[in-house]
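Examination of the molecular architecture
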Amino acid sequence: MLKKSNASDAAVYWANRLTRRGMRIFNHMGNNTADLADMVNSQIAAYRKENGQDKDDRKKAPIGTKQRLNALNKTGVEIDPRGSVTSPAMQGVNMPKPMEETNYAKETLGNEQMADALKNRANGLKKPKAVSSPLKTPTLLQASIVKQGAAGKPETFAEYLINHVLPSDMHVTTQLDKKQTEVLLIEVARKHPDQYDKVVSGLKRLGDTWSTYDPVTMGIEEISTPNKAKRDAIVRKYQAQLEKDLKKGDKQTMLTHLEAFQKELSRNDLDGSKDDASIMVSSALTGNKLQLMKLRTTPGVVTDNDDHIVPIIFPKSYAEGVDPIHFWLGAAESRKNIAVGQVNTAKPGEMSKIISNVLNSAIVSKRDCGTMQGLAFPPRDDTIIGRYLARDVPECNLKRNDKITADVQQELLRKKVREIIVRSPQTCEAPDGSVCQLCMGMRNSTEKDYEIGDSAGLITSGNIGEPLTQMTLSAKHSTSLATGEDNKLRKEKGLRQLVEMPRNYPNRKVLCEVIGTIVNIRPAPQGGQIITIRQTRPVPERYIVFGTPTPHMEQHWDYYVSPSLKLAEGIKRGAEVYPGMELSNGVDNLQDIARLRNLGFTRSAAAENMYQVYKNTGQTMDRRHFELLSRAAHPYVRIVRAPASAAFVPGEVVTYEDFVQEAKKLPSMDVSVANALGKVLGEGVLDLTVGTEIDAQVQRYLTEHGVKTVKTVSRLEVAPETLPLSRVVNQRKDWISALNHRYLKNQLIDAATYGKKSNIHGYNPITAYAYGAEMRQGTDGTY
Ligand SMILES: [Zn+2]
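None of these values were measured; they are calculated from a predicted model.

1. Considerations on the overall build of the protein
Looking only at helices and strands, one finds 28 helices and 19 strands in the protein. The buried share of the protein, taken over its 783 residues, is 50%. Long-range contacts, defined here as pairs at least 24 residues apart, represent 66% of the contacts in the protein between residues at least 6 apart. Surface summary for the protein: the accessible area is close to 37,200 Å², and the carbon and sulfur share equals 52%.

2. Thoughts on the pattern of salt bridges
Counting across every chain of the model gives 35 salt bridges. Across the pair Glu-187 and Lys-191 runs a salt bridge, and its minimum N-O distance is 2.8 Å. With Glu-187 and Lys-191 both in helix α9 (residues 178–191) and 4 residues apart, the pair spans about one turn of that helix. Among the residues examined, Glu-187 registers a relative accessible area of 30% and is labelled partly exposed. Put simply, Asp-622 and Arg-624 hold a salt bridge, and the shortest N to O gap is 3.2 Å. Accessibility assignment for this pair places Asp-622 and Arg-624 in one class, buried. Counted as one network, the salt bridges with shared partners bring together Lys-228, Arg-231, Asp-232 and Glu-320.

3. Details of the coordination of the zinc ion
Surrounding the zinc ion are the protein donor atoms Cys-369 (SG), Cys-428 (SG), Cys-436 (SG) and Cys-439 (SG), at 2.2 to 2.3 Å. Each of the 4 donor atoms bound to the zinc ion contributes to angles spanning 98 to 114°, and the resulting shape is tetrahedral.

4. Details of the nonpolar core
Soluble, globular proteins show a tendency: their nonpolar side chains are buried together. Of all hydrophobic cores here, the largest spans 86 residues; its most connected members are Leu-495, Ile-533, Leu-583, Tyr-614, Leu-702 and Val-710. If one sorts the elements of this core by residue count, helix α21 (residues 599–616) sits on top with 8 residues. If near-sequence neighbours (up to four positions away) are discounted, Val-710 is found in contact with Met-669, Asp-670, Val-671, Val-673, Ala-676, Leu-681, Val-685, Ile-694 and Leu-702. Counting 17 residues, the second-largest nonpolar core is a separate cluster that includes Ala-646, Ala-663, Leu-716 and Val-718.

5. Quick word on the environment of Lys-664
Within the secondary structure, Lys-664 sits in the loop between α23 (656–663) and β16 (668–672). In the structure, Lys-664 is positioned 49 residues away from Val-713 in sequence and 9.1 Å away in space, judged by C-alpha atoms.

6. Focus: the sheet that holds strand β17 (residues 680–681)
The strand order across the open sheet formed by 3 strands is β16-β18-β17, and the pairing between neighbours is antiparallel. Both edges of this open sheet fall to β16 and β17, since each of them pairs with a single strand only. Bridge count between β16 and strand β18 (residues 709–713): 5 bridges; the pairing is antiparallel. Across the sheet, Ser-668 pairs through a bridge with Val-713, a residue of β18.

7. Observations concerning unusual backbone geometry
Residues other than glycine seldom take positive phi values, yet Asn-507 does so here, at roughly 65°. Along the chain, Asn-507 falls in the loop between α19 (491–500) and β9 (515–523). Despite not being glycine, Gln-555 shows a phi value in the positive range, around 55°. As for its position among the elements, Gln-555 is in the loop between β11 (548–549) and β12 (556–561).

8. Here's the deal with the environment of Ala-646
You can see Ala-646 is positioned in the loop between β14 (636–641) and β15 (653–655). Taking the C-alpha atoms as reference points, Ala-646 and Leu-716, separated by 70 residues in sequence, lie 9.5 Å from one another.

9. Describing the packing of aromatic side chains
Tallying each qualifying case throughout the model produces 6 aromatic pairs. Ring geometry for Phe-601 against Tyr-701: centres 4.9 Å apart, planes inclined by 85°, an arrangement best described as edge-to-face. In this pair, Phe-601 sits in helix α21 while Tyr-701 sits in helix α24 (residues 696–704), placing the two residues 100 residues apart along the sequence. When sorted by exposure, Phe-601 lands in the same class as Tyr-701, which is buried. Through pairs of rings, three or more aromatic residues link up here, namely Tyr-611, Tyr-614 and Phe-626. Directly above the aromatic system of Phe-546 lies the positively charged group of Arg-503, at a separation of 5.4 Å from the ring centroid. The ring of Tyr-611 carries Arg-623 above its face, with NZ or CZ at 5.7 Å from the centroid.

10. Some points on the sheet that holds β11
Reading across the sheet, the 5 strands line up as β11-β12-β10-β9-β13 and stay open at both edges, with antiparallel pairing between neighbours. Two strands bound the open sheet, and with one partner strand each, they are β11 and β13 (576–577). Note that strand β10 (residues 529–537) and β12 share 6 bridges and pair antiparallel. Looking across to β12, one finds that Ile-530 is bridged to Tyr-560.

11. Brief notes about the pairing of β18
Bridge analysis of β17 against β18 gives 2 bridges, and the strand direction is antiparallel. Bridging from a neighbouring strand, Leu-681 pairs with Thr-712 of β18.

12. A closer look at α21
Across its 18 residues, α21 extends 25 Å between first and last C-alpha, which sits within 8% of the 26 Å expected from 1.5 Å per residue. Along α21, 14 of the 18 residues are buried, which leaves the element largely enclosed by surrounding structure. The N-cap residue of α21 is Asn-598: its side-chain oxygen and the backbone nitrogen of Gly-600 are 3.2 Å apart. Directly after α21, the chain includes Gly-618, whose backbone phi takes a positive value near 90°.

13. Examining the packing of helix α12 (residues 251–270) against helix α14 (residues 289–296)
Contact geometry for α12 and α14: axes closest at 9 Å, N-to-C directions at 80°. Classified by the angle between their axes, α12 and α14 sit roughly perpendicular to one another. On α14, the residues that touch Gln-262, Leu-265, Ser-266, Asp-269 and Leu-270 of α12 are Lys-289, Leu-290, Leu-292, Met-293 and Arg-296. Partitioned by chemical class, the residues of the contact of α12 with α14 number 5 nonpolar, 2 polar and 3 charged.

14. Some words on the confidence of the model for the protein
The predicted model of the protein has a mean per-residue pLDDT of 78, with 75% of residues at 70 or higher. Note that pLDDT drops below 50 for residues 1–37; the model gives that stretch 85 contacts with residues more than four away or on any other chain. Counted against residues more than four places away or in other chains, residues 56–65, with its pLDDT under 50, gives 13 contacts.

15. Describing the environment of Tyr-559
Note that Tyr-559 resides in strand β12. Between the C-alpha atoms of Tyr-559 and Val-510, which are 49 residues apart in sequence, the distance is 7.7 Å. Once you skip the residues sitting within four places of it in the chain, Tyr-559 turns out to touch Val-510, Leu-511, Glu-513, Val-514, Gln-529, Ile-530, Ile-531, Ile-533, Ile-544, Phe-546, Gly-547 and Leu-583. At a separation of 2.8 Å, a polar atom in the side chain of Tyr-559 contacts the side chain of Glu-513.

16. Quick word on the packing of α19 against α21
Running from N to C, α19 and α21 cross one another at 170°; their axes reach a closest spacing of 9 Å. When the interaxial angle is binned, α19 and α21 end up roughly antiparallel. Judged by residue contacts, Lys-491, Gly-494, Leu-495, Leu-498 and Val-499 of α19 engage Ala-606, Asn-609, Met-610, Val-613 and Tyr-614 from α21. When its residues are assigned to classes, the contact of α19 with α21 shows 7 nonpolar, 2 polar and 1 charged.

17. Concerning the side chain of Gln-409
For Gln-409, the location among the structural elements is in helix α16 (residues 406–414). Residues contacting Gln-409, with those up to four places away along its chain left out, are Pro-379, Arg-380, Asp-381, Asp-382, Ile-384, Ile-385 and Ile-404.

18. What about a positive patch on the surface?
Among the surface-exposed residues, Lys-178, Lys-179, Lys-230, Arg-267 and Lys-289 lie close enough to one another that they form a single positively charged patch. Structurally, Arg-267 can be placed in helix α12. The exposed category is assigned to Arg-267, whose relative accessible area is 56%.

Reading the values: the criteria
Residues numbered from 1 in each chain as written. Predicted model: local features only at pLDDT ≥ 70, side-chain atom pairs only at ≥ 80, totals over all residues. Heavy atoms only, no water. Helix = DSSP H or I, 4+ residues; strand = E, 2+ residues; numbered from the N terminus. Buried < 20%, exposed > 50% of the residue type's maximum accessible area, 1.4 Å probe, protein only. Contact = heavy atoms within 4.5 Å. Areas by Shrake-Rupley, 256 points an atom, 1.4 Å probe, with all protein chains shown as cover. Salt bridge = Lys/Arg side-chain N within 4 Å of Asp/Glu carboxyl O. Donors = N, O, S within 2.8 Å, 3.2 Å for Na, K, Ca; no water. Tetrahedral: all angles 85-135°; square planar, octahedral: opposite > 155°, others 65-115°. Core = buried A, V, L, I, M, F, W, Y, C linked by side-chain atoms within 4.5 Å. Pairing = 2+ DSSP bridges. Phe/Tyr/Trp six-rings, centres within 6.5 Å; stacked < 30°, edge-to-face > 60°. Lys NZ or Arg CZ within 6 Å of the ring centre and 35° of its normal. Expected span 1.5 Å × (residues − 1). Polar contact = N/O pair within 3.5 Å; in protein donor to acceptor, adjacent residues only side chain to side chain. Axes fitted to C-alpha atoms, helices over the stretch in contact; angles between N-to-C directions. Parallel < 35°, antiparallel > 145°, perpendicular 65-115°, else oblique. Nonpolar A, V, L, I, M, F, W, Y, C, P; charged D, E, K, R; others polar. pLDDT = per-residue confidence, 0-100. Patch = residues over 30% accessible without salt bridge, like charges linked within 9 Å, V, L, I, M, F, W, Y side chains within 5 Å. Lys, Arg positive; Asp, Glu negative; His and termini not counted. Charge placed at Lys NZ, Arg CZ, Asp CG, Glu CD.

Here you go:
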């Protein structure tokens, strides 16, 4: 699924996808030939018109592949019509392999017409000399220069096509490889933000259209070693260096040298290369520099089964042939990569499925759920764009439910507004896991609101799930060199750890579980540190999981901080601590936050951490996707204490939605935040949910965000009930939709035991689909 969260993000995205998309469309050509021909025709017509060649043919605009190609041949200009955005005509590297292409069309696509047309075209074109030796012949560069461009330089046909898509004051004068495409799009975003979308889709369309005429392939000559003499010199230099390093026994210096070695090899590999393989890599069509380097220059060094570098230098490439010892060493890495590749694509696929199952009820169901809740952001945060305001901003004369555009953001920054509260899917109160238009905000791909009935959940799960596979795949082939460990969650593994919440894992952040004072911090015998806390006030028994009683000391607790973690700021002897306070740095565990804080903070931490996992992996995504998922991933509360009149009994686990319905019936009163200590929220505020106890930290949080009064209820206490993401669906009331998931036997037994019911006209498509007969007869977004 496609996504575009902000300008530079989209630029990178499209730069990567420009050609790939086009190649994919090639597969659909059997059905789309006519459409495609129309598109190409109009481009040719425009080109001719500009060059005064439109007199004769204007009325008989050709349609169909055959006519189009004939017309193209008659343009009188010698061009390679298959020039795609990123390759041949653009770069002047000639890749015509007409007969191959003809056969491909006939045999693979089963498209006789296409094959004929290609053959005619091939006969019509001058047969290029270059066919057998593409490395040496940039012949069509000259041939494809069609006119003097606006920048005063000769313009090729491909440049002409691209310049037509660009704003009038911008011109392409250089090869559009991955980097240049990114640079170009960023420039468009800076200079012409209003035209950005048009340019991006225009370029994409060019890629779609023209790359279908250019199925790139690799010949055997493509894998001859480029700059061989230089390669040998590099190898010799580092062989000598490695021997020295091994003698000294300094591993870190050795790794640094080997990393430099790989870099030098890769640079040499692509230096001056104009062959198909280099173009494929530099245009981001497929493959990467390292893969190509391994194939035809040399792998440099390889890793063993445990990803450790084997300190032996490969003097030759796989294409040249390696001797038995190197083959043997390289095989370990290859075998491992194959196995890892299999496993790694299976895992993200499974994760995607879990996410979509959790989110499949998140249908856009109404305009406004009416919630007064929302999230606080500073105006400089770009994630606010496309959302609706939850609270007035009098400084800028903005009202609740006004949309935040880039202009509005500028205005907020000009007026130096410190913070705004925005609507968020995380705090939406639409029924049964659905979401409202105002909380969901604008859809990035269309820049309009989601429509009633849109499945925001499946759009979100696509957006979150699709990059997961990419993340693991991009790691698969790379040569990993020691980079140093840190505490950031990354990739599919990071997301999984976050949402599945294993009880223990490396670098788990240590949170305080009691109210008290730090009385001692001492080194632990096994390494790391032990923090001793004297408890000054009681806390619920369920809080204390990781603390161990200090030997021979009443009311004292020890917290162990492992050697890989640092103490958090302000953690020293004499410091006052409270439940949920960070004692160390490290990786959040949502289960700890849920146990020691409240549901609102848990959902916020879930959204923020997921957002960061993607960011750490180099993917900036629309934060609202994670907010929608965080609400769906944490839907349950456990009743700890309830008034006798309430429908719930202590110990019961209910959905937060059901709980709110019941809590609303209880008598509530308005209390100023200053007097609210120890009371319980009867109405959600900011990201805090109904049932949140107002302790000193919550009180400070409310004051900091400008909340003056809150609605409170009494004799009510709830705790978030966190479940691993893969089990969330199983607790649903809607038992039919949960059958799309796993643990089916238990699911059925549960459903029968507790008399669960499913609504066939609810917000879940699975339930409606399972029953089938009345599907799509629901109203307002229901099935
Ligand atoms: Zn809402």
